[in-house]
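Residues per chain are reported as follows:
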There are 2 protein chains.
Amino acid sequence: MQMDDDIVALATPAGQGAIAVIRCSGPQVIDLADGVFFGKNLKQVAGGTTHYGKIKDDEGNIIDECMATVFQAPRSYTRENAVEISCHGSPFIVQEIIRVLLARGMRLALPGEYTQRAFLNGQLDLSQAEAVADLIASQTREQHRLALTQLRGGVTHEIKSLRKHLLEFASLIELENDFGEEDVAFADRDRLRSLAESVLHIINALKDSFRFGRAIKEGVPVVIVGKPNVGKSTLLNALLGDEKAIVSAIPGTTRDVIEDRISIDGILFRFIDTAGLRQAEDEIEKMGIERSYDQLAKAQLVLHLLEIEENADHLVAEYSSVRKLPDQAPIILLNKIDEFHECHSYDVEEAVSTLTGRTPTIAISAKTGRGLDRLRKEIVANVKSLQTDSGRPIINNLRHYEALDAASESMDRVLRGLKEEIPSDLVAIDIRHALHHLGEITGEISTDDLLGEIFSNFCIGK
Amino acid sequence: MQMDDDIVALATPAGQGAIAVIRCSGPQVIDLADGVFFGKNLKQVAGGTTHYGKIKDDEGNIIDECMATVFQAPRSYTRENAVEISCHGSPFIVQEIIRVLLARGMRLALPGEYTQRAFLNGQLDLSQAEAVADLIASQTREQHRLALTQLRGGVTHEIKSLRKHLLEFASLIELENDFGEEDVAFADRDRLRSLAESVLHIINALKDSFRFGRAIKEGVPVVIVGKPNVGKSTLLNALLGDEKAIVSAIPGTTRDVIEDRISIDGILFRFIDTAGLRQAEDEIEKMGIERSYDQLAKAQLVLHLLEIEENADHLVAEYSSVRKLPDQAPIILLNKIDEFHECHSYDVEEAVSTLTGRTPTIAISAKTGRGLDRLRKEIVANVKSLQTDSGRPIINNLRHYEALDAASESMDRVLRGLKEEIPSDLVAIDIRHALHHLGEITGEISTDDLLGEIFSNFCIGK
């Protein structure tokens, strides 16, 4: 990718609005924009100032009356010269302004190219650049908080500090290698081992945070298990309806909806349809049942919905008839307490809880909303229990997780090597590997392929 | 509507994008925005400057890293103090920033409230304010050109000049009234008549421009008439496919499309479906046929598609079998010349043209595209022929047309009054009426109801 030319793109969402912003970045953009902008001479104004003027095409026809803000390198997002043109929010006008800027010599920006330039010019590291995309896509308070922490360098600082320790480690080991023939051991083995252990400990803590980070970023997949008419959709609607910060169903028409998304206490929950599971008992085919269990397997959280009755043993039998998957400890819900003797419902709740060993057994009425607050708290607590209290940043990016995993393996080998007293030049190789993998997270180590893969998922204009 | 408080709204289109802009306007907005903005003190920066900072909520949590541009009254769109906050384009972030600004004492702007304030503070007149909405909605070059001319005061200047003449006229007449008992005729009746005639002439010229103005603004309704299989959809697709500046079908899913929109030479054409007309011959009911003619009646331009054959009389008979509406002189198209002896097609074309008296008879092949350039030129010429060459601005707004119509009637009465030598105080009343109607266009005369009606159709944030 060429990085020394002048790029332009619409930076605000497509469509009609009061205003739209067109962003230009590159060494010549102030000159080029000035060629079509009639107002103050943009080449002579101070950086960070905004000016009214008209944008004209080559025949002198006015395209729009605009505000242009000039940024001078390095005081801009990309650290290049930049001009932001704020025009009337008409797709036609945006198209025309971009057309005349292209004619002057700019080219259309590729997806994520502004952020890529910001990265290449040292404004952001790679994990921060990725956080920009997460930030834009964030729909809930927790997604936003994680993305912002990452953008503000939370992960960066942690990784840099790890790399610093490792570099020190590596230099000690490599010094030994230089004097290898003289059989000198500069480095205290115990100190080295303790250093490696502490690095590995931190790497693993970061790795462990990914379960929580991924749940926040992608949303927590939830499956409601239960017989027909036990009130699954009533429950779903009750959760949807009460919640003010409803996250809309994923794109598509109503008919295309494949999951409902609800934000509870700032955390996104994705309710997966288990139509298959519902029919499993009636249908003849094993295949159908297996398919339903496939859906169930996607769930991080399972709500098992039973219709409350006096006989707790019946309820427990029904609960036990559905196969459980490891790591999936369902929350048992005893529904329809509104049609039951309320004073008994707590006894049944306690009995089922005791018999199943599932402490979060909750008697509810999806219809009247009774017990739903307890359910919400339980759901949220369930997710928050994934959060490690290491006080370290939370990893929410699969790429970072994989790099940490690789670094963790290398550090395992380092520790084994130290224990087995293998030659220090071999240990040094594993340390270098760990350094390499950590460097991939922040982009200190990067390839064109990697950058292409990351930035091509950005929107144009970012 | 209260106009001295502080308003806030998203100004860019809703949805995810690289950036979003939140606009604040009102006497206290710089103070209020500064309360949540951590960076330079916005109260101390110069107007028209942009600053980097963090926006925090009341608990001190960072919502986003933003750029804030400060505008000091009267140097802003609304002529009030204004702050524009450019943040990451996440709907969640936008919602949070607006939330904290509301908590500080701003209120959510009503639709069009920024432009309404700009109008009330004398930045724009009413016809210019309306042009802002047209400009944002413009989809074609000609729509854009008309809206921009109006925004830049084209209509305003014309109306102001008319009102100036009329005010002079009125003062002459009213002076007479003051001296009425003395039976003095200050004003030269011939001069008055000539003045009134020239004013009426201009008003009528503006009125006449509305046929063209409306065609540009709303798009030209076109109906393609023809028997089944004569190639109507092939023709439509050929026109659609060749045209680079295709205007997308009006909102809705593919199934909901009720008309195809094509921009040809910067003019928008709306092709109305005539499924009814196609079936009229096969169906038994008169009602069905009438419904088809209702569709036909909506057309400003009719393309009558016939399949070319040797016998011109047959073609003319088929053409004549479809009822013609006044003002609808169809363009006759002889299709499928690719399946015909090309050397004969021009003879047939000429024969049909002579027999029907329709000079724009064009032999085409919707399949190969032959003749379509001629057709496009003819279609565009047909619309442009509506354009009066008065050199005056073009009226494209129904409200302006109705005001001009009312003013025209008043001026008719003025002229009749002068001719019939009725008392000058009665003539003065009609002049005042004409002044009133013209004043409604620019907003020199306006009511809260009128303003409410106009601005409630704007988007929020404009």
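What counts as what
Residues numbered from 1 in each chain as written. Chains lettered and ligands numbered in written order. Predicted model: local features only at pLDDT ≥ 70, side-chain atom pairs only at ≥ 80, totals over all residues. Heavy atoms only, no water. Helix = DSSP H or I, 4+ residues; strand = E, 2+ residues; numbered from the N terminus. Buried < 20%, exposed > 50% of the residue type's maximum accessible area, 1.4 Å probe, protein only. Contact = heavy atoms within 4.5 Å. Areas by Shrake-Rupley, 256 points an atom, 1.4 Å probe, with all protein chains shown as cover. Salt bridge = Lys/Arg side-chain N within 4 Å of Asp/Glu carboxyl O. Polar contact = N/O pair within 3.5 Å; in protein donor to acceptor, adjacent residues only side chain to side chain. Nonpolar A, V, L, I, M, F, W, Y, C, P; charged D, E, K, R; others polar. 1 Å grid on protein atoms, 1.4 Å probe; cavity = no way out; pocket = protein on both sides within 12 Å on 5 of 7 lines; lining within 4 Å. Points joined across faces, edges and corners; volume = space filled by probe spheres on them. Least-squares fit on C-alpha atoms with pLDDT ≥ 70 in both. Domains from an automatic or database assignment. Buried area = accessible area lost by both parts, 1.4 Å probe. Axes fitted to C-alpha atoms, helices over the stretch in contact; angles between N-to-C directions. Parallel < 35°, antiparallel > 145°, perpendicular 65-115°, else oblique. Left-handed = near helix turned anticlockwise from the far one by under 90°. Core = buried A, V, L, I, M, F, W, Y, C linked by side-chain atoms within 4.5 Å. Phe/Tyr/Trp six-rings, centres within 6.5 Å; stacked < 30°, edge-to-face > 60°. Expected span 1.5 Å × (residues − 1).

Helix and strand content of chain A: 16 helices and 13 strands. The proportion of buried residues among the 462 residues of chain A is 53%. By sequence separation, contacts in chain A at least 24 residues apart represent 69% of the contacts at least 6 residues apart. As displayed, chain A has an accessible area near 21,400 Å², and 49% of this comes from carbon and sulfur atoms.

Between chain A and chain B, the contact holds 44 residues from the first and 44 residues from the second. Across the contact surface, chain A and chain B share two salt bridges. Linking chain A to chain B there are 13 residue pairs in polar contact (both at pLDDT 80 or more). When contributions to the side of chain A that touches chain B are tallied by element, the ones reaching two or more residues are β2 (17-25), β4 (49-56), β5 (62-71), β6 (82-89), α2 (91-104), α4 (126-137) and α5 (141-151) of chain A. For the side of chain A that touches chain B, the element with the highest residue contribution is β5(A), accounting for seven residues. In terms of residue class, the side of chain A that touches chain B is made up of 20 nonpolar, 16 polar and eight charged.

Applying the stated criterion to the full structure yields five cavities of 30 Å³ or more. By volume, the largest cavity amounts to about 190 Å³. For the largest cavity, the lining is made up of 15 residues, of which A:Thr69, A:Glu84, B:Thr69, B:Glu84 and B:Ser86 are closest to its centre. Counted by class, the lining of the largest cavity contains seven nonpolar, six polar and two charged residues.

We now examine the relation of the copies chain A and chain B. Each copy of the sequence occupies a distinct position, and chain A is placed on chain B by a rotation of 180 degrees and an axial shift of 0.0 Å, giving an RMSD of 0.1 Å. Taken together, the rotation angle and the small translation identify this as a two-fold axis. Among all C-alpha atoms of chain A, that of A:Thr49 lies closest to the rotation axis, at 2.2 Å. Here 100% of the contact residues of chain A are again contact residues in chain B; the copies associate through an equivalent surface.

In this section: the domain arrangement of chain A. All names here are of chain A. Splitting chain A by domain gives domain 1 (7-125), domain 2 (131-209 + 395-443) and domain 3 (223-384). Across the boundary between the two partners, domain 2 contributes five residues, which contact seven residues of domain 3. For the pair domain 2 and domain 3, the two sides together bury roughly 480 Å², of which 50% comes from carbon and sulfur. Broken down residue by residue, the surface that domain 2 buries against domain 3 is led by Gln139, Thr140 and Arg141, which jointly contribute 73%. On the surface where domain 2 and domain 3 come into contact, there are one salt bridge. Asp265 is the partner of Arg141 in a salt bridge, and the nearest nitrogen-oxygen pair spans 3.5 Å. At the boundary of domain 2 and domain 3, one finds three residue pairs in polar contact (both at pLDDT 80 or more). Tallied by class, the residues present in the side of domain 2 that touches domain 3 amount to no nonpolar, three polar and two charged.

With that out of the way, let us pick up the packing of helix α6 (residues 154-178) of chain B against helix α7 (residues 189-218) of chain B. Residues and elements named next belong to chain B. Taken N-terminus to C-terminus, the directions of α6 and α7 make an angle of 155 degrees; their axes are 11 Å apart at the nearest point. In terms of axis orientation, α6 runs roughly antiparallel to α7. Between α6 and α7 the crossing geometry is left-handed. Within the contact between the two elements, α6 uses Glu158, Ile159, Leu162, His165, Leu166, Glu168, Phe169, Leu172, Ile173 and Glu176 and α7 uses Arg189, Arg191, Leu192, Leu195, Ala196, Val199, Ile202, Ile203 and Leu206.

Our focus in this paragraph is the nonpolar core. In terms of nonpolar packing, the biggest core is built from 46 residues, with B:Ile22, B:Ile55, B:Ile97 and B:Leu101 touching the most fellow members. Contact partners of B:Ile55, with chain neighbours within four places excluded, come to B:Val36, B:Phe37, B:Asn61, B:Ile62, B:Ile63, B:Asp64, B:Cys66, B:Ile85, B:Ile97 and B:Val100. In terms of nonpolar packing, the next biggest core, distinct from the first, is built from 45 residues, A:Ile22, A:Ile85, A:Val100 and B:Leu124 among them.

Let us now look at the packing of aromatic side chains. What describes a pair of aromatic rings is the distance from one ring centre to the other and the angle between the planes of the rings. Residue and element names in this part refer to chain B. On inspection of all chains with the given rule, the structure shows six aromatic pairs over all chains. Residues Phe210 and Tyr401 carry aromatic rings whose centres are separated by 4.6 Å and whose planes lie at 20 degrees to one another, so their mutual orientation is stacked. With a gap of 191 residues between them, Phe210 in helix α7 and Tyr401 in helix α14 (residues 398-419) connect regions that are remote in the sequence. What makes Phe210 buried here is its relative accessible area of 6%.

Mapped onto the secondary structure, A:Ser385 falls in the loop between α13 (372-384) and α14 (398-419). Using a relative accessible area of 56% as the deciding quantity, one classes A:Ser385 as exposed.

Attention shifts here to helix α15 (residues 424-442) of chain B. All names here are of chain B. With 19 residues, α15 should cover 27 Å at 1.5 Å per step; its first-to-last C-alpha distance of 27 Å lies within 8% of that length. Its buried side turned inward, α15 meets α3 (113-120), α4 (126-137), α6, α7 and α14. Once α15 finishes, Gly443 follows within two positions and takes phi at roughly 90 degrees, a positive value.

Here the bond from A:Ala73 into A:Pro74 is cis, since omega is 0 degrees, no more than 30 degrees from zero. Structurally, the position occupied by A:Pro74 is in the loop between β5 and β6. Look at B:Asp265: it is not a glycine, yet its phi comes out positive at around 50 degrees. Take B:Asp265: it is sitting in the loop between β9 (259-264) and β10 (267-272). Backbone geometry places B:Lys336, a non-glycine residue, at a positive phi of 70 degrees. Taking the relative accessible area as the measure of exposure, B:Lys336 reaches 17% and is therefore buried.

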